[in-house]
Amino acid sequence: MNHEPYKLIPEDFLVLPSLGGSDPKLHFVDGFGALDAIGVLVPSEGDVPESVGLHRETLESAGFDGKPGTTLQLANASGTLVVAVGGGKPGALDADGWRKAAAALVRATQKHSRIGFELTQSFDGTDASGMDAERLGQVLAEGVLLARYSYETLKSRSEPTTLAEVQFLGAGLDTAAATQGLETGRVKVRATAIARDLCNAPPSHLTAVGLASAAKELGKRFGFGVEEFNKDQLIELRCGGLLGVNAGSAQEPRMIKLSYQPDGSATGHLGLVGKGIMYDSGGVSLKPSDPMHLLMKMDMGGAAAVLAVFTALRDLGCKAAVTGFLMCTDNMPSGSAYKLGDVLTTRSGLTIEVKNTDAEGRLVMCDALTLAVEDGVDGIVDIATLTGAALMSLGQLTAPVFGNEQHLVDRVLESGRRADEQLWQLPLERAYRPQLDSDIADISNLGGPYAGSTTAALFLAEFVGDTPWAHIDIAGTMQSDKDDAWRSKGATGFGARLLIDLALGYSAT
Ligand code: BES
Ligand code: MN
Ligand code: ZN
């Protein structure tokens, strides 16, 4: 008989299991050492590399066509598994292709601990996509480590990943630069894994208060400032949006302010705002029971991505100052909940008529946008699981981006391309703005039946004034139904790597 008092949430629950384990060793080698499995890049046409030991016809008859992202496992007399890894057109693999190939290899060698990857392409800095050794190292590390991620912490019989070492073998590589790239990739994946852990955590395990203490730990460890604002302080700040959404909750809200300051003078000051709805029940406008609503524990995916970004800035030598706002609460129905028809007064002074309590994301975000503008940032990027319409329009692979200044939107788009976190710009169609008109307040939180992502963006735009601003809606991309290239099943951590890239290159003009 166990006489310990029952605990709903186990005391040893790890908010960030990814930081607990040990990372596999990744390195470039001149020749392979002892290995359990060897991946060989095999292009879709031309000669098959010798180490595969088979002709193209044989590979083709087994269904391997060499397309990027495909693999074929080959039994081998020596006991070392050989995996043909699709390389596409000879010599033409780009950064996304290499990341995908490395991820595919890891997925094909789940039971192996020491694997090799023969890159079978020469790298003299003049390859078709103009990729250099540093970038190659980075995307290889990203592919390997992102594919290796899985959330096991709550399984009593978990399947630990066995991967201990990856040896990369490539001809003509600048190994020093490539090794530097591996380190960069490792830091970006560490950040992404933090975002994934936070999103995968069950909603009752990770409250707004819990996220604030996780942020404080991370701040100490990775060199950024963390300020926590409790309910009384939020009242002091007149953050009526966040407080309104929190009204129905048994849990206190938190605003978490993050700050990173580079050594020396900053190239610019970037503001990041993340939606941190710890669980979105819809509130009084209760969501119907639907498997989709399992995902509402990930309604803090924007806040998770922003927090993740800060864990990488010092280690990657970011030259810009960055300030982040995470707006955290759950959205619950109860006797004290905010109601349809309620009017909230925001920090900006603007009053909002609540026409739907499930359009809560924009309500918590608006106060943070106001605070970022007050801080005098040079530009703001917000990221939020804001609208089901984003999932409907662009699906799970592409996130819509909106903005009030094309230069900033272009930078965000470019960072998305470099991270393979796909974005597509949608127009901030001002003609739809009257849909947000209210009879009794300055603005309502609900647009019409169409272009739901756009009307949500138009709402946010009201709070940024002339400050350059971009908004990324990750309702579709925060989660993957299946293991797919660098995305592991569950939370994707979408946005972390793209926003790190943005911060690293950010300047005021
Ligand atoms: N968190 C949801 C958006 C969402 C939907 C995220 C699906 C991930 C997957 C958001 O708070 C919401 O409920 N939005 C409503 C807005 C509507 C009431 C105007 C929506 O999109 O239906
Ligand atoms: Mn909602
Ligand atoms: Zn929501």
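Described in the following lines is the structure provided in the data block. (Residues numbered from 1 in each chain as written. Chains lettered and ligands numbered in written order. Predicted model: local features only at pLDDT ≥ 70, side-chain atom pairs only at ≥ 80, totals over all residues. Heavy atoms only, no water.)

A short note on the coordination of the zinc ion (ligand 3)
In step 1: For the zinc ion (ligand 3), the full set of protein donor atoms is Lys-275 (NZ), Asp-280 (OD), Asp-299 (OD) and Glu-360 (OE), and the range of their distances to it is 2.0 to 2.4 Å.
In step 2: Every donor counted, the six donor atoms about the zinc ion (ligand 3) form angles of 78 to 169° at the centre, which fits octahedral coordination.
In step 3: Of note, the zinc ion (ligand 3) draws all its donor residues from one chain, in the sequence arrangement K-x4-D-x18-D-x60-E.
In step 4: The distance between the zinc ion (ligand 3) and the manganese ion (ligand 2) comes to 3.2 Å, and Asp-280 binds to both of them. A residue pair is termed long-range when its members are at least 10 positions apart, and Lys-275 in strand β9 (residues 269-280) and Glu-360 in the loop between β12 (351-353) and α9 (361-374) qualify at 85 residues. You'll find Lys-275 and Glu-360 in the same group, each marked buried. (Donors = N, O, S within 2.8 Å, 3.2 Å for Na, K, Ca; no water. Tetrahedral: all angles 85-135°; square planar, octahedral: opposite > 155°, others 65-115°. Helix = DSSP H or I, 4+ residues; strand = E, 2+ residues; numbered from the N terminus. Buried < 20%, exposed > 50% of the residue type's maximum accessible area, 1.4 Å probe, protein only.)

Notes on the site of ligand 1
In step 1: Taken together, 18 residues lie near ligand 1, and Asp-280, Lys-287, Asp-299, Asp-358 and Gly-388 sit nearest.
In step 2: Lys-275 places a polar side-chain atom, nitrogen or oxygen, 3.1 Å from an oxygen atom of ligand 1.
In step 3: One of the side-chain N or O atoms of Asp-358 is found 2.8 Å from an oxygen atom in ligand 1.
In step 4: When ligand 1 is considered free in solution it has 520 Å² of accessible area, and contact with the protein chains removes 82% of it.
In step 5: For the shell around ligand 1, the per-class residue count stands at seven nonpolar, four polar and seven charged. (Near = heavy atom within 4 Å. Polar contact = N/O pair within 3.5 Å; in protein donor to acceptor, adjacent residues only side chain to side chain. Areas by Shrake-Rupley, 256 points an atom, 1.4 Å probe, with all protein chains shown as cover. Nonpolar A, V, L, I, M, F, W, Y, C, P; charged D, E, K, R; others polar.)

Re the side chain of Asp-299
In step 1: Note that Asp-299 resides in the loop between β9 and α8 (301-313).
In step 2: Taking the relative accessible area as the measure of exposure, Asp-299 reaches 3% and is therefore buried.
In step 3: The residues contacting Asp-299, other than those within four sequence positions of it, are Lys-275, Gly-276, Ile-277, Asp-280, Glu-360 and Thr-385. (Contact = heavy atoms within 4.5 Å.)

Here we look at empty space enclosed by the protein
Using a probe with the size of a water molecule, rolled over the atoms, empty space left in the structure can be pinpointed.
In step 1: Evaluated as defined, the whole model comprises two cavities of 30 Å³ or more.
In step 2: If you add up the space inside the largest cavity, you get close to 50 Å³.
In step 3: The wall of the largest cavity is formed by Arg-99, Arg-135, Gln-138, Glu-142, Lys-188, Arg-418, Ala-419, Arg-497 and Asp-501.
In step 4: It is helix α3 (residues 133-148) that provides the largest number of residues to the lining of the largest cavity, a total of three residues. (1 Å grid on protein atoms, 1.4 Å probe; cavity = no way out; pocket = protein on both sides within 12 Å on 5 of 7 lines; lining within 4 Å. Points joined across faces, edges and corners; volume = space filled by probe spheres on them.)

Points about the coordination of the manganese ion (ligand 2)
In step 1: Protein coordination at the manganese ion (ligand 2): the donors are Asp-280 (OD), Asp-358 (O), Asp-358 (OD) and Glu-360 (OE), at 2.0 to 2.2 Å from the metal.
In step 2: Because the angles between the six donor atoms bound to the manganese ion (ligand 2) fall within 70 to 167°, the donor set is best described as irregular.
In step 3: Each donor residue of the manganese ion (ligand 2) belongs to the same chain, and together they define the spacing D-x77-D-x1-E.

Describing the packing of α9 against helix α12 (residues 452-461)
In step 1: Where α9 contacts α12, the two axes come as close as 9 Å, and the packing angle between them is 30°. In terms of their interaxial angle, α9 and α12 are classed as roughly parallel. At the point where α9 passes α12, the crossing takes the right-handed sense. The segment α9 lies against α12, with Arg-362, Leu-363, Met-365, Cys-366 and Leu-369 engaging Ala-456, Phe-459 and Leu-460.
In step 2: For the contact of α9 with α12, the per-class residue count stands at seven nonpolar, no polar and one charged. (Axes fitted to C-alpha atoms, helices over the stretch in contact; angles between N-to-C directions. Parallel < 35°, antiparallel > 145°, perpendicular 65-115°, else oblique. Left-handed = near helix turned anticlockwise from the far one by under 90°.)

Observations concerning helix α11 (residues 406-419)
Since the α-helix advances by 3.6 residues per turn, residues separated by three or four positions end up pointing in the same direction.
In step 1: Counted at 1.5 Å a residue, the expected span for α11 with its 14 residues is 20 Å, and the 20 Å between its end C-alpha atoms agrees.
In step 2: Listing the buried residues of α11 in full gives Leu-408, Val-409, Arg-411, Val-412, Leu-413, Ser-415, Gly-416 and Ala-419.
In step 3: Turning to α11, the residues buried within the fold contact α2 (95-108), β13 (379-384), β14 (399-403), β15 (423-425), β17 (469-473) and α13 (496-504).
In step 4: Phi turns positive, to about 55°, at Asp-420, one or two residues after α11. (Expected span 1.5 Å × (residues − 1).)

Topic: the layout of surface pockets
In step 1: Taken as a whole, the largest pocket encloses approximately 890 Å³ of empty space.
In step 2: In terms of lining residues, the largest pocket is bounded by 34 residues, among which Ser-150, Tyr-151, Glu-152, Lys-155 and Lys-489 are the most central.
In step 3: Broken down by secondary-structure element, the contributors of at least two residues to the lining of the largest pocket are α2, α3 and β18 (479-480).
In step 4: Grouping the constituent residues of the lining of the largest pocket by class yields 13 nonpolar, 12 polar and nine charged.
In step 5: Among the domains, domain 1 (25-192) and domain 2 (202-504) are the pair contributing at least three residues each to the lining of the largest pocket. (Domains from an automatic or database assignment.)

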